[in-house]
Amino acid sequence: TGFQTTEYLRTLDVIGPGGLSLRGAWAGEPSAFLGITVPGFPNLFIVYGPNTNGGWSVITQLERQAELIARTVRRLREGRLVDTRPSVAAYYDRWVQRRIATELSTATAGCTNYYHAPTGKNVTQWPLSHTAYLVVTRVLPWFGFTWGPPQRSVRPAASSGPARRAEAVPER
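Turning next to the pattern of salt bridges. One pass over the full model with this rule turns up 6 salt bridges. Arg23 serves as the salt-bridge partner of Asp13, at 3.1 Å between the closest nitrogen and oxygen. Taken as a pair, Asp13 in strand β1 (residues 12-14) and Arg23 in helix α1 (residues 22-26) lie far apart in primary sequence, 10 residues in all. Across the pair Arg138 and Glu67 runs a salt bridge, and its minimum N-O distance is 3.3 Å. Here Arg138, found in helix α5 (residues 130-139), pairs with Glu67, found in helix α2 (residues 58-75); they are 71 residues apart in sequence, far enough to count as distant. Judged by its relative accessible area of 42%, Arg138 falls in the partly exposed class.

See below:
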């Protein structure tokens, strides 16, 4: 059916400013701060990213993500960068995984299902309520985001097949 829940952005080849691909950074275990941003990939926002499926309605999760992205983009001045602190993103991922282990034990009890990457890590589920996600998307960006001056811009590169590619290029 093509149902590949753990292969986020599978058809998009995302390359960060240092030349690292998003797939390379993830190494088979997709992770994103709040399910939205990935350290080392400035100004990249993901909707319905890793560990955001959960609660009562995915629409509510998507609304919280869209609100955070809109708030963040409004703060960006032309050419500025927003990135995610790697230490905060790693802490957040560990926290989510601990919550999954305690709150969603039936989803992690040695089962093989669509929640898990091939490594066994649950990369799809949000373990708490929508209210908890609302709180973390309002509070945690203050600790997790870094704001910087422009260094590079991103433009679409020529397509080399079915996957689209975006890459960082030096300012001219």
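Resuming the write-up.
What follows deals with the environment of Ile59. Along the polypeptide, Ile59 turns up in helix α2. Residue Ile59 is classed as exposed on the basis of its relative accessible area, which comes to 53%. Sequence-wise, Ile59 and Tyr48 are 11 residues apart; in three dimensions their C-alpha atoms are separated by 9.6 Å.

This brings us to unusual backbone geometry. The backbone of Leu9 shows a phi angle near 55°, a positive value even though the residue is not glycine. Of the residues examined, Leu9 reaches a relative accessible area of 29% and is grouped as partly exposed. Despite not being glycine, Asn51 has its phi angle at roughly 55°, a positive value. Structurally, the position occupied by Asn51 is in the loop between α1 and α2. Of the residues examined, Asn51 reaches a relative accessible area of 4% and is grouped as buried.

A full pass over the atoms with the stated rule returns 7 aromatic pairs. Judged by centre distance (6.0 Å) and plane angle (55°), the rings of Trp95 and Trp126 are tilted. You can see Trp95 sitting in helix α3 (residues 86-103) and its partner Trp126 sitting in the loop between α4 (105-108) and α5, a full 31 residues away along the chain. Under the relative-accessibility criterion, Trp126 is labelled buried at 2%. Every member of this aromatic cluster is reached through a ring pair, and the members are Phe33, Tyr92, Trp95, Trp126, Tyr133, Phe145 and Trp147. Lying over the aromatic face of Trp147, Arg75 brings its terminal NZ or CZ to 4.3 Å of the ring centre.

Quick look at α2 now. Note: α-helices contain 3.6 residues per turn, so residues at a spacing of three or four share the same orientation. Between the first and last C-alpha of α2 there are 26 Å, a value that for 18 residues agrees with the 26 Å anticipated at 1.5 Å per step. In this structure, the buried side of α2 is in contact with β2 (81-84), α5, α6 (141-144) and β3 (145-148). Between the side-chain oxygen of the N-cap and the backbone nitrogen of Ile59 there are 3.1 Å, and the N-cap of α2 in question is Ser57.

What counts as what
Residues numbered from 1 in each chain as written. Predicted model: local features only at pLDDT ≥ 70, side-chain atom pairs only at ≥ 80, totals over all residues. Heavy atoms only, no water. Salt bridge = Lys/Arg side-chain N within 4 Å of Asp/Glu carboxyl O. Helix = DSSP H or I, 4+ residues; strand = E, 2+ residues; numbered from the N terminus. Buried < 20%, exposed > 50% of the residue type's maximum accessible area, 1.4 Å probe, protein only. Phe/Tyr/Trp six-rings, centres within 6.5 Å; stacked < 30°, edge-to-face > 60°. Lys NZ or Arg CZ within 6 Å of the ring centre and 35° of its normal. Expected span 1.5 Å × (residues − 1). Contact = heavy atoms within 4.5 Å. Polar contact = N/O pair within 3.5 Å; in protein donor to acceptor, adjacent residues only side chain to side chain.

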